[in-house]
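Summary of structural features
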Amino acid sequence: MKAVAGFLSLFCVSISASAATPVSVQFTGVVQQDALPPVALDLQLPSQQAATVQLSSGFNLELTTPGNSASPDGARIRLLSSKGEVMHTARVPDAGLASVSFAYQVCAGSVTYMSPAPAVVPACRASARLTR
């Protein structure tokens, strides 16, 4: 009887642990760089996966879902320069995360991260665009 109760207890723990991990994570974001038009993305990634999105500006976005070895306990969003330098890293510490909304504003090399993303990402000020 004890063996059956132990097995049943272990089985219930396994079900609840797997239920906490979503099948996929929805990444919805915008990158606004200087005077360039904003780049919007809406990407769904399976759990425990990562993807790199190359933007027309030369920047890259690295998106990682919970359970991946690079971010086991939550999602990770990294903005990389065209030279591969990390400009910003955001971590969303939620292993059961199903979606995340974010925005990056890059003005004259200065990065602002917003989450959740606003309805409209503010454009860079004219003075910031000229000081490059």
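Up top is the structure these notes are about.
First, a word on scope: everything that follows refers to the structure included in this document. In this text the structure is predicted, and so the values were computed from the model without any measurement. (Residues numbered from 1 in each chain as written. Predicted model: local features only at pLDDT ≥ 70, side-chain atom pairs only at ≥ 80, totals over all residues. Heavy atoms only, no water.)

A look at the pairing of strand 1 (residues 24-33)
- With seven of 10 residues buried, strand 1 lies mostly within the body of the structure.
- For strand 1 and strand 2 (residues 39-46), the ladder comprises eight bridges, and the chain directions are antiparallel. Across the sheet, residue G29 finds its bridge partner in strand 2, namely L41.
- In this antiparallel pair of consecutive strands, strand 1 and strand 2, the connection spans five residues, and D34 shows a positive phi of 40°. (Buried < 20%, exposed > 50% of the residue type's maximum accessible area, 1.4 Å probe, protein only. Helix = DSSP H or I, 4+ residues; strand = E, 2+ residues; numbered from the N terminus. Pairing = 2+ DSSP bridges.)

A short note on the environment of T28
- On the secondary structure map, T28 appears in strand 1.
- T28 sits in the partly exposed class, given a relative accessible area of 35%.
- The spacing of T28 and P116 is 88 residues in sequence and 9.4 Å in space, taken between C-alpha atoms.
- Setting aside its immediate chain neighbours within four residues, T28 contacts L41, D42, V100, S101 and F102.
- In terms of polar contacts, T28 uses its side chain to reach the side chain of D42, at 3.3 Å. (Contact = heavy atoms within 4.5 Å. Polar contact = N/O pair within 3.5 Å; in protein donor to acceptor, adjacent residues only side chain to side chain.)

Digging into the state of the cysteines
- Enumeration according to the criterion identifies one disulfide in this entry.
- Covalently, C107 is tied to C124 through a disulfide, its sulfur atoms 2.0 Å apart. On the sign convention where negative means left-handed, the S-S torsion of about -90° between C107 and C124 marks this disulfide as left-handed. Taken as a pair, C107 in strand 7 (residues 99-107) and C124 in the loop between strand 8 (110-114) and helix 2 (126-130) lie far apart in primary sequence, 17 residues in all.
- Here C107 falls in the buried class, since its relative accessible area comes to 13%. (Disulfide = S-S within 2.5 Å.)

A word on the packing of aromatic side chains
- Across all of its chains, the model carries two aromatic pairs by this definition.
- Look at F102 and Y104: their rings are 6.1 Å apart centre to centre, the planes differ by 70°, and that puts the pair in the edge-to-face class. By the burial criterion, F102 is buried, and Y104 matches it.
- Taking the relative accessible area as the measure of exposure, Y104 reaches 0% and is therefore buried.
- Ring pairs connect the aromatic residues F102, Y104 and Y113, which therefore count as one cluster. (Phe/Tyr/Trp six-rings, centres within 6.5 Å; stacked < 30°, edge-to-face > 60°.)

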